Amino acid sequence: MGRVIKFKDFLKRSKIPIEINDTEKYKRVTIKIKHGGVSLRDEEIGKLIGTKKQFVLKEGQFILSKIDARYGAFGIAPQEVDNAIITGNFWAYNVDFNLIDIDWFNQFTNSQFFYDLCERASSGITHRKYLSEDSFLNNEIDLPSLDDQKKSIKKISELKNTFSLASAEITHQLDLIKDLRQAFLREAMQGKLVSNETSDGKTGADLLQEIQTEKEKLIKEKKIKKSKPLPPISKEEIPFEIPENWVWFRVDDISSKIGSGSTPKGSNYSLKGYPFFRSQNIHNDGLVYDDIKFIDEETHQKMNGTTVYNNDLLLNITGGSLGRCALVPDDFEEGNVSQHVCIIRGIKIIPKFYHYLVLSPYFQSLIFKSTTGAGREGLPKYNLEQFIIGIPLLDIQNRIVSKLNELMTYCDELEKSVKESQSYNEQLLQQVLREALEGKNEIKNEDLKLVADKSPIYSIYKDIQKKCDTGDMAILAGYIIKKLSTQNSKDFGRVKLQKMLHLVEYHCQLSSELKYQKNVAGPYAWELEHVIEPKLKSLRFFEIKKDMFGATSKVTYNSLSASKELPSLFSREFKDQAESINNLLDKFQDKNWEFCERISTMYAVWNNRLIRKELFTNEILKQDFLAWDDKKKRFIDVLDHTIEWIRKEKIEPVGFGEFIDKK
């Protein structure tokens, strides 16, 4: 049972005086705010210490700063500061550990409740509030018994470990989203994201001619200067293959302007006028007007070579933000840039496509490979002009921009969801720590939804319902073919059989010799084609026929004489599992092979998380699904439905079986 006591009942002020001797060396202390701890600040000779009358601090004492206590500047003195000196602004207390467990007290002082007590016990003007010792020591708390304090600390330790896992998982999720953005950009700039067909029959040669004609026109009209000729692109320089109707260009070939700005003499800024963009204003998602500077009309005219217009690209070319790039919006009028920002203005290229291209992993790698200078690295204009980039026709550029806009919005939503989970976790941690300190040790694990999503952390079940040899698996495979190919025999092939075998084995908890691995179409077992199918043929269940369609093939199963025996053989060999297997198969009677592929793949990534006892949400499952193989991106719009269907049909995985990974 707890009891109400005052701080002064277990905290006794320690004032061990010491006179500073000029010839001796003394340890000095620092106390970090936000409960950052007590540590050794330095060791100093006495003659350099101004305050000669100080106090001695002992290991294990509670110490606080009377100025910054309300900001969490307190803690228990560690061994390294034993016998250190402190001024009167630091208060040291002996703690009665017959009443207080040291770990409980350390946690208690890191609670919002304790921070609030220190705030209420402080007085003075806003920036110079001092803790009132009498007010502080007369605060009352409902102190649990020592046994309950120890139980609380044990529970808090468990909670912190759990939340630490959640925090690591959330960080991992954010990294995955970043990788997903990069994957989309990489595929887009290699011509793999959308169709490269055009309705007008134009080729890359047409695009090349259009750009050259437009550039010559701008030179003739004296809108741009003729640039020095750059060397032709050699085969050795080409980094990867692009579609036939794309063209390799150097950046200078497709740009009417490439050039950095300058800073007004004497940093001659105005309170208003034309916006002057520096590197801190340039971000990938747009221009940031925080701390924006302005220049007047006269300065703007003097710097007309650095004028920024709508749809320009602004690229940071020096320092820690090297490579950051903003697209100037349509409704922008005019502005200027500093010498740390480069203006890129395209010819016959959609500005948003150009922006995505600059943000792509390929272009960013060129930037960082081409910097010069020690300390503050920079990207020289000449190097930037020579970068080699693949450009498609305008129709295809539009198509790519539209698809990337859609995919980036999807990534934004994922990121928002994860960050909301992060905020939720932090709030929840404070709540459960407070409850644990108050002795509410009955906090249940199911209350700790470590992510905003309502997905539970499922228990792991390893009970094998039946061990199957190759004969059993041949009967099971034959039964699946017979049961599911009746409605649409043309749709049923090896892909659908493979996915259904995977789902039956894992969901109905069978053990077999099939070793599943990651494959483009989902979980794949080599043994199906090389062990089970020959068995189907030798037992006269099915003839296996393989038809080629160009580079692809389709396997079909044609019934043989013994296939009519399959229902009775299945009932005999799987008598204890027949009901659950049939219940599962019935759910897929009218489903095509692509539906089976996505359910099987989603089931596998979900089950993998459970096997490794990893935290997950719907968003994590969707990320894992898309990371399975690049071709899974075609299912991006139906992933929520996939998860909902699995839950609705009550076939959630339980962590049974082996982890499915790449070969």
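Here the structure is a predicted model, which means the values were calculated and not measured. (Residues numbered from 1 in each chain as written. Predicted model: local features only at pLDDT ≥ 70, side-chain atom pairs only at ≥ 80, totals over all residues. Heavy atoms only, no water.)

Student: Would you take a moment to explain the overall build of the chain for this structure?
Tutor: If you tally the helices and strands in the chain, you get 18 helices and 31 strands. For the chain, the spread of C-alpha atoms along the principal axes amounts to about 105 × 85 × 40 Å. Sorting the 663 residues of the chain into buried and exposed places 48% on the buried side. Restricting to contacts in the chain with at least 6 residues of sequence separation, those with at least 24 account for 74%. Put simply, the chain shows about 33700 Å² of open surface, and 48% of that area lies on carbon and sulfur atoms. Where the 99 positive side-chain charges of the chain centre and where its 97 negative ones centre are 2 Å apart. (Helix = DSSP H or I, 4+ residues; strand = E, 2+ residues; numbered from the N terminus. Buried < 20%, exposed > 50% of the residue type's maximum accessible area, 1.4 Å probe, protein only. Contact = heavy atoms within 4.5 Å. Areas by Shrake-Rupley, 256 points an atom, 1.4 Å probe, with all protein chains shown as cover. Lys, Arg positive; Asp, Glu negative; His and termini not counted. Charge placed at Lys NZ, Arg CZ, Asp CG, Glu CD.)

Student: Looking at this structure, how should I read the sheet that holds strand E7 (residues 62–65)?
Tutor: Strand pairing in a sheet relies on backbone hydrogen bonds. The paired strands run either parallel or antiparallel. The antiparallel open sheet is built from 4 strands, whose spatial order is E2-E10-E7-E8. Whereas interior strands pair on both sides, the edge strands pair on one side only; in this sheet they are strand E2 (11–14) and strand E8 (74–76). If you compare each strand with its neighbour and ignore which way they point, the axes differ by 30° on average. Note that E7 and E8 share 3 bridges and pair antiparallel. Paired with Leu-64 across the two strands is Phe-74, which belongs to E8. (Pairing = 2+ DSSP bridges. Axes fitted to C-alpha atoms, helices over the stretch in contact; angles between N-to-C directions.)

Student: Looking at this model, I keep getting lost on the pairing of strand E14 (residues 247–250). Mind explaining?
Tutor: Along any regular strand the residues' side chains alternate between the sheet's two faces. Residue alternation in E14 divides its side chains into two sets, Val-247 and Phe-249 and Trp-248 and Arg-250, and both sets are buried. Here E14 pairs with strand E25 (residues 388–391) via 4 bridges, running antiparallel. Bridge assignment links Trp-248 to a residue of E25, and that residue is Gly-390.

Student: Help me out: how do you make sense of the sheet that holds strand E24 (residues 341–346) in this one?
Tutor: Here 4 strands make up an open sheet; going across it, the order is E15-E24-E21-E22 and the pairing antiparallel. With one partner strand each, in any of the chains shown, strand E15 (255–260) and strand E22 (325–327) form the two edges of the open sheet. Across the sheet, the mean angle from the axis of one strand to that of its neighbour is 15°, orientation sign disregarded. Examined bridge by bridge, E15 and E24 share 5 bridges and lie antiparallel to one another. Following the sheet pairing, Lys-257 is matched in E24 by Arg-345. Here helix H7 (residues 351–359) sits on the sheet and contacts E15, strand E21 (313–316), E22 and E24; the angle it forms with E22, its principal contact strand, is near 170°.

Student: Looking at this structure, I do not really get the pattern of salt bridges. What am I missing?
Tutor: When charged atoms on two side chains of opposite charge get close, those side chains can pair. Under the criterion given, the structure shown has 35 salt bridges. As a salt-bridge pair, Arg-181 and Asp-412 come within 3.0 Å of each other at their nearest N and O atoms. Residue Arg-181 is located in helix H4 (residues 146–189), and its partner Asp-412 is located in helix H10 (residues 394–437); the two are separated by 231 residues in the primary sequence. Taking relative accessible area as the criterion, Arg-181 reaches 17% and is therefore assigned buried. On the basis of relative accessibility, which here comes to 42%, the residue Asp-412 falls in the partly exposed class. In this structure, the salt-bridge partner of Lys-466 is Asp-472, at a minimum N-O distance of 4.0 Å. (Salt bridge = Lys/Arg side-chain N within 4 Å of Asp/Glu carboxyl O.)

Student: What's the story with helix H14 (residues 566–573) in this structure? I'm lost.
Tutor: Every α-helical turn comprises 3.6 residues, leaving residues that sit three or four positions apart pointing alike. Regarding H14, the residues found buried are Leu-566, Leu-569 and Phe-570. Mapping the buried residues of H14 onto a view down its axis gives an arc of 100°, with all of them on the same face. (Arc of directions from axis to C-beta.)

Student: How do you make sense of the side chain of Thr-642 when you look at a structure like this?
Tutor: Relative to the assigned elements, Thr-642 resides in helix H18 (residues 639–648). Within the local environment of Thr-642, its side chain forms a polar contact with the backbone oxygen of Val-638, the two atoms lying 2.8 Å apart. Residues within four places of Thr-642 in sequence aside, it is in contact with Arg-598, Ile-599 and Met-602. (Polar contact = N/O pair within 3.5 Å; in protein donor to acceptor, adjacent residues only side chain to side chain.)

Student: Teacher, can you tell me more about the nonpolar core here?
Tutor: One broad trend across soluble globular proteins is that nonpolar side chains are buried collectively. Ranked by size, the top nonpolar core spans 123 residues in total, and within it Tyr-354, Leu-404, Leu-476, Ile-480 and Leu-501 carry the most contacts. Top contributing element to this core by residue count: H10, with 10 residues. Setting aside chain neighbours within four positions, we find Leu-404 in contact with Phe-184, Leu-185, Ala-188, Met-189, Leu-193 and Tyr-356. Core analysis: the second largest hydrophobic core is formed by 28 residues, Tyr-93, Cys-118, Phe-136 and Leu-143 among them. (Core = buried A, V, L, I, M, F, W, Y, C linked by side-chain atoms within 4.5 Å.)

Student: What should I look at first to understand unusual backbone geometry in this one?
Tutor: Negative phi is the rule for most residues except glycine; trans is the rule for most peptide bonds. One non-glycine residue, His-35, adopts positive backbone phi at about 55°. Turning to its location among the elements, His-35 is positioned in the loop between strand E4 (25–32) and strand E5 (37–45). Under the relative-accessibility criterion, His-35 is labelled buried at 16%. Residue Lys-348 is not a glycine yet carries a positive backbone phi of 55°. With respect to the helices, strands and loops of the structure, Lys-348 is situated in the loop between E24 and H7. By relative accessible area, which is 36% here, Lys-348 ends up partly exposed.

Student: For this particular structure, what's the right way to read the packing of aromatic side chains?
Tutor: Counted under the stated rule, the structure contains 29 aromatic pairs. Ring geometry for Phe-240 against Tyr-362: centres 5.2 Å apart, planes inclined by 80°, an arrangement best described as edge-to-face. Of this pair, Phe-240 sits in the loop between helix H5 (204–220) and E14 while Tyr-362 sits in helix H8 (residues 361–369), and the two are 122 residues apart along the sequence. The two residues Phe-240 and Tyr-362 agree in class, both being buried. (Phe/Tyr/Trp six-rings, centres within 6.5 Å; stacked < 30°, edge-to-face > 60°.)

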